[in-house]
Amino acid sequence: MTRNTGLTIAPFPGGFGAEVRQIDLAGEVPAEAAAELDAALDAHTVLVFRGQDLNEDDQLRLAEVFGGGTLRSHPDEKRAETTAHARAIGLVTNIRENGKPIGSLPDGELWFHYDGAFIDAPYRATLLYAVEVPDSGGHTLFADMYRAFDALDPDTRAVLRGRTCLHYFDHVTYAERADPNPDLDQVRHARHPAVIRHPHNGRPVLYVSPLQTARIEGMNAAESASLLTRLFAYTENPDLIYEHVWRKGDLVIWDNWGTAHARTDFPADQTRLLRRSIVRGKPLAEAAF
Ligand code: OGA
Ligand code: MN
């Protein structure tokens, strides 16, 4: 029997992502609502909550709803060692102290990527909460990578079957295509199937991104590069994208197994401050396709 938790889930017109209404995320999340949100994330991939007034504890409690436990956000971030929530709240911001960013991913455009693709068990979800946003730009784009897979022709699928890709994280370069031969001693990296099976709903997902996928293993360099170029066009197809225009008080959660995300440029002289938390993931297996 479905209990009436009071919240409503309004799918976006493009058929990808949903707004969750009639829920105040400050304080405890009732168990029935938690279960509904967890299922909604698997079903809709991106969940948007508007007009929330959340402190760090509220955000961490919400992250726990999605299971697995929260991880330290951006382990390279200085703040992680110095605050009470060192474990699990990071800042995505261009604010600087003594010229140094106080958080991560400070400036401008950010190309499509999956959070955690560079570790063996990519994150289940990322949560961002908007504390301060610029007047224009700095939108977050989410690509429906289930539909990207669905759009692949049979020949391309056949080439991808049994293939793995190398992914890495370069925390300096955010708007350049991944280097096909990164220095693997210098970057965190992992390999995953080119088409993953979503660990919860079993659907196939195209798992490549221009920012972090270096190459398709087992192909020659030119073939790998040209196939990746073709695949990235699916990620960047506007028909498959939900574009989130931030307002202060927005909380957005996305499923890092089903969507790749990117950020549009924004003025350098305006402050952007988002609080970030991530939910522990699982190793990814290849889909049957
Ligand atoms: C992230 C991220 C996008 C943004 O926090 O992982 O990609 O819009 N952020 O800042
Ligand atoms: Mn990201």
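The following paragraphs examine the structure supplied in this document. (Residues numbered from 1 in each chain as written. Chains lettered and ligands numbered in written order. Predicted model: local features only at pLDDT ≥ 70, side-chain atom pairs only at ≥ 80, totals over all residues. Heavy atoms only, no water.)

1. Concerning the site of ligand 1
- In the vicinity of ligand 1, the contacting residues are Val92, Leu105, Leu110, His113, Asp115, Leu128, Thr140, His261, Arg263, Arg272, Leu274 and Arg276.
- Arg276 is positioned such that a nitrogen or oxygen atom in its side chain is 2.8 Å from an oxygen atom of ligand 1.
- The fraction of the free accessible surface of ligand 1 (290 Å²) that becomes covered by protein chains is 99%.
- At the level of elements, strand S8 (110-113), strand S18 (259-263) and strand S19 (273-279) are the ones that each hand at least two residues to the shell around ligand 1.
- Residue composition of the shell around ligand 1, grouped by class: five nonpolar, three polar and four charged. (Near = heavy atom within 4 Å. Polar contact = N/O pair within 3.5 Å; in protein donor to acceptor, adjacent residues only side chain to side chain. Areas by Shrake-Rupley, 256 points an atom, 1.4 Å probe, with all protein chains shown as cover. Helix = DSSP H or I, 4+ residues; strand = E, 2+ residues; numbered from the N terminus. Nonpolar A, V, L, I, M, F, W, Y, C, P; charged D, E, K, R; others polar.)

2. Here we look at unusual backbone geometry
- With a phi angle near 75 degrees, Thr45 is a residue other than glycine that sits in the positive phi range.
- Positionally, Thr45 belongs in the loop between helix H1 (31-44) and strand S3 (46-49).
- Taking relative accessible area as the criterion, Thr45 reaches 2% and is therefore assigned buried.
- Of note in this structure, Asn98 is not a glycine but carries a positive phi near 50 degrees.
- Assignment of secondary structure puts Asn98 in the loop between strand S6 (96-97) and strand S7 (100-101).
- By relative accessible area, which is 84% here, Asn98 ends up exposed. (Buried < 20%, exposed > 50% of the residue type's maximum accessible area, 1.4 Å probe, protein only.)

3. Looking at the pattern of salt bridges
- For the structure on display, the rule yields 11 salt bridges.
- Between Arg21 and Glu19 there is a salt bridge whose closest N-O contact spans 3.5 Å.
- Measuring nitrogen to oxygen at the nearest pair gives 2.6 Å for the salt bridge that ties Arg61 to Asp58. In this pair, Arg61 and Asp58 are both assigned in helix H2 (residues 56-64), three residues apart and thus about one turn of the helix distant. (Salt bridge = Lys/Arg side-chain N within 4 Å of Asp/Glu carboxyl O.)

4. Some points on the nonpolar core
- In terms of nonpolar packing, the biggest core is built from 32 residues, with Met145, Leu160, Leu206 and Leu231 touching the most fellow members.
- Going through the elements one at a time, strand S10 (140-144), helix H3 (145-150), strand S13 (195-197), strand S14 (204-206), helix H5 (221-235) and S18 are the ones with two or more residues in this core.
- If you tally residues by element for this core, the top one is H5, at five residues.
- Mapped onto the domain boundaries, this core takes at least three residues apiece from domain 1 (8-107 + 123-135 + 245-282) and domain 2 (145-235).
- In this structure Leu231 touches Leu152, Thr156, Leu160, Leu206 and Val208, once residues within four positions along its chain are discounted.
- Of all hydrophobic cores here, the second largest spans 24 residues; its members include Ala34, Ala63, Ala125 and Leu127. (Core = buried A, V, L, I, M, F, W, Y, C linked by side-chain atoms within 4.5 Å. Domains from an automatic or database assignment. Contact = heavy atoms within 4.5 Å.)

5. Section: the sheet that holds S8
- With respect to topology, four strands assemble into an open sheet ordered S8-S18-S10-S16, the strand pairing being antiparallel. Unpaired on one side and paired on the other, S8 and strand S16 (241-244) mark the two borders of the sheet. Each neighbouring strand pair of the sheet contributes to a mean axis angle of 15 degrees, computed without reference to strand direction.
- Direction of pairing for S8 relative to S18: antiparallel, over a ladder of two bridges. Within the sheet, the bridge partner assigned to Leu110 lies in S18 and is Arg263. (Pairing = 2+ DSSP bridges. Axes fitted to C-alpha atoms, helices over the stretch in contact; angles between N-to-C directions.)

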